[in-house]
Structures are given as C-alpha cells and as structure tokens.
Amino acid sequence: MARILALSSHVAFGSVGLAAIVPALHWLGHEVMAFPTVILSSHPGYPHYAGGEVEVARLQAMLDAADANGWLADTAAILTGYLPTPEHVRFARTAVERVRSANAAAIYMCDPVFGDDPEGMYLSIGTAEATRDQLLPLASITTPNSFELSWLSGGDPVDGPESARRAAAALGVPTVLATSIPASDNRLANILFQNNQGLACYVRRRVSAPHGTGDLLSSMFLGNQLNDFSPAYCLGASASAVDASVAASMGRDELPLAGASALWANARVLPAASA
C-alpha cells in the first residue's frame, strides 16, 4: 500500500476528478489524501451547477497540517488534476516540492486538465501556461489528451500515433501517457512513451463517453505502477478498466463507479503493442 496526495476537483454528484481518482486508487490498495481544488454540485457540463474554488490559503493550511502530522514523509506519489487558476497551479508546485523534500523518491504525475476536443480550452490560457511552465518540469509522468498534448508541445496537431510521438518527445517528461489519440479503424489509442519507446493500447471509439475517463485512466496507471507492475501491464490494465467502465455507462451521464469493482476485476488486460 502506498500513500498518494491527490489534488483535483470534488463534485457532489458525478464521476470526475477526485470522485474517480479516489475509488480507483482505493481499489488498487492505496491510501489517498484528497485535496479538493474546487467543490461543485457536478461538473459544469450540466445545465445547472453550483459551487466554487477552494481558497489556496485553505489548501496551504491543510498541507501544513499534513506535514506537521508526518504524513508527507510517507507519501509515495503526488497526482494533480483539475487546477482552476494559476494560483492553484503554484500551490500544486509547492505541494510537490514539500513532498519531495520529505521523500525525494516521490513520483509526481501531472494530469494537465485544461482542454479537450472538440470544445478546446476550458480553463484560462494563464492556467495552461502555468501548468506547462511550473508543473511539467517537475513531472515524473504526464497524461495529456490529444488536445492538451498538442497545446503543450507547441500547437502542431496530434492526429495519430506518429504525431503523438513527436509531441511527447518535446515535453521533456520521462514518461508520457498520451490519451485519446486518434487511430485507424475507428479506434482511439492510449500510448505510453518512455525510454525512447512507445507502447499503445487500442480501444473502440464510441459515439460518446461520460466525463472522468482521463481521471480514471491516470489514477489506474499510477496505482498499478505503485504496485510494481510492468509498464505494459500498467497501460493495458488501465485502458481495459476505463474501456469496461465506458461500455457499462451506455445510456448514463456518468461512469458507473458504484459497481465498478466487479467491472475492473473482470476486465481483460488489453495487449500493449509497439507504437
């Protein structure tokens, strides 16, 4: 069992942000210190939602308390997701630095949550720039979708595995897990780039999928890595868990996480092929 500090959104209803991250990491046997960067009734895609940002000063006080209790020294990884403002990005950097000052071996996974296709950027350019400039240089792993990967690498389109490879190499992060990359035969690829090699898992492209798949994939990959599985297994197990959850969500607005344990336990680990 490992302890993970997770910074992302919290929703009262739905399966995005911490609502996906925490159950996935718990299922894989890990302990989570969950720091909500926003508290909302649901994700903003619904006609009505309410809530707002959690003040950075409050998050800082929570981090100070965790440190004073000695919990940061036993933290094996940090995962950052939805960070609504540049100030929250700066706090995330502080959190990574504080954990690593207590445990130099801590893994940092940066999930750069600021945009997606087809809607494009849904946070401010300032927030995206802060993520690129302040968090990516610290990251052990980053998990951008195709839109985010394109933006972070300079703006050239990421429309397939080869363009994803070029974009991933430009980020300067040791491990890049590029998600939702368009592929042939009406498929999407999740591609893991590390040590100058690429491994890809392919899933069928569906007409629609609920929000939260990126949160789920990132946390599943990190949790499996902390359980000392091989990169190919971490990729295949994570992609299969997400694909099973999306398949079970047909006709629903949210991922069916209440019954996800059986889905994830029975999901066949997808093969990972060279990309």
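Thresholds applied
Residues numbered from 1 in each chain as written. Predicted model: local features only at pLDDT ≥ 70, side-chain atom pairs only at ≥ 80, totals over all residues. Heavy atoms only, no water. Helix = DSSP H or I, 4+ residues; strand = E, 2+ residues; numbered from the N terminus. Buried < 20%, exposed > 50% of the residue type's maximum accessible area, 1.4 Å probe, protein only. Contact = heavy atoms within 4.5 Å. Lys, Arg positive; Asp, Glu negative; His and termini not counted. Charge placed at Lys NZ, Arg CZ, Asp CG, Glu CD. Core = buried A, V, L, I, M, F, W, Y, C linked by side-chain atoms within 4.5 Å. Pairing = 2+ DSSP bridges. Expected span 1.5 Å × (residues − 1). Salt bridge = Lys/Arg side-chain N within 4 Å of Asp/Glu carboxyl O.

Draft legend 1. Molecular detail of the overall build of the protein. In terms of helices and strands, the protein carries nine helices and twelve strands. Its C-alpha atoms give the protein principal-axis dimensions of roughly 50 × 40 × 35 Å. Looking at the 275 residues of the protein, the share that counts as buried comes to 53%. Considering only contacts in the protein between residues 6 or more positions apart, those separated by 24 or more positions represent 68%. Separation between the mean location of the 15 positive side-chain charges and that of the 24 negative ones in the protein comes to 5 Å.

Draft legend 2. Local environment of the nonpolar core. Leu5, Leu7, Phe35, Ile78, Tyr108, Leu149 and Ile181 are the most contacted members of the largest nonpolar core, which has 45 residues in total. The leading source of residues in this core is helix α3 (residues 86-102), at six residues. In contact with Leu149, other than residues within four places in its own chain, are Pro144, Val158, Ala164, Ala167, Ala168, Leu171, Ala178 and Ile181. Val22, Phe221, Leu235 and Ala241 belong to the second largest nonpolar core, which has 38 residues in total.

Draft legend 3. Fine view of the environment of Val99. You can see Val99 is positioned in helix α3. Once the C-alpha coordinates of Val99 and Leu72 are considered, the two residues, 27 residues apart in sequence, prove to be 5.3 Å apart. With sequence-adjacent residues up to four places away left out, Val99 is seen in contact with Leu5, Leu72, Thr75, Ile78 and Ala106.

Draft legend 4. Region of interest: the pairing of strand β9 (residues 175-183). Buried residues dominate β9, accounting for seven of its nine residues. In the sheet, β9 pairs with strand β10 (residues 187-194) via seven bridges, with the strands oriented antiparallel. Across the sheet, Ile181 pairs through a bridge with Ala189, a residue of β10. In sequence, β9 turns back onto β10 through a hairpin of three residues, with Asp185 there showing a positive phi of about 60°.

Draft legend 5. Seen up close, helix α8 (residues 231-248). Taking 1.5 Å of rise per residue, 18 residues should cover 26 Å, and α8 covers 26 Å from first to last C-alpha, within 8% of that figure. Looking at α8, one finds that the buried residues are Cys234, Leu235, Gly236, Ala237, Ser238, Ala239, Ser240, Ala241, Val242, Ala244, Ser245 and Val246. Against β9, β10, β11 (197-204), α7 (213-226) and α9 (260-266) lie the buried residues of α8.

Draft legend 6. Local environment of the pattern of salt bridges. Under the counting rule described, the total for this entry stands at eight salt bridges. Measuring nitrogen to oxygen at the nearest pair gives 3.1 Å for the salt bridge that ties Glu97 to Arg93. Taken together, the positions of Glu97 and Arg93, both in helix α3 and four residues apart, correspond to about one turn of that helix. The salt bridge involving Arg132 is made with Asp133; its shortest N-O contact spans 2.8 Å. The structure contains a network of salt bridges with shared partners spanning Asp64, Asp67 and Arg98.

Draft legend 7. Up close: the environment of Ile125. Relative to the assigned elements, Ile125 resides in helix α4 (residues 125-135). For Ile125, a relative accessible area of 43% translates into the label partly exposed. Through-space distance from the C-alpha of Ile125 to that of Tyr49 is 23 Å; in sequence the pair is 76 residues apart.

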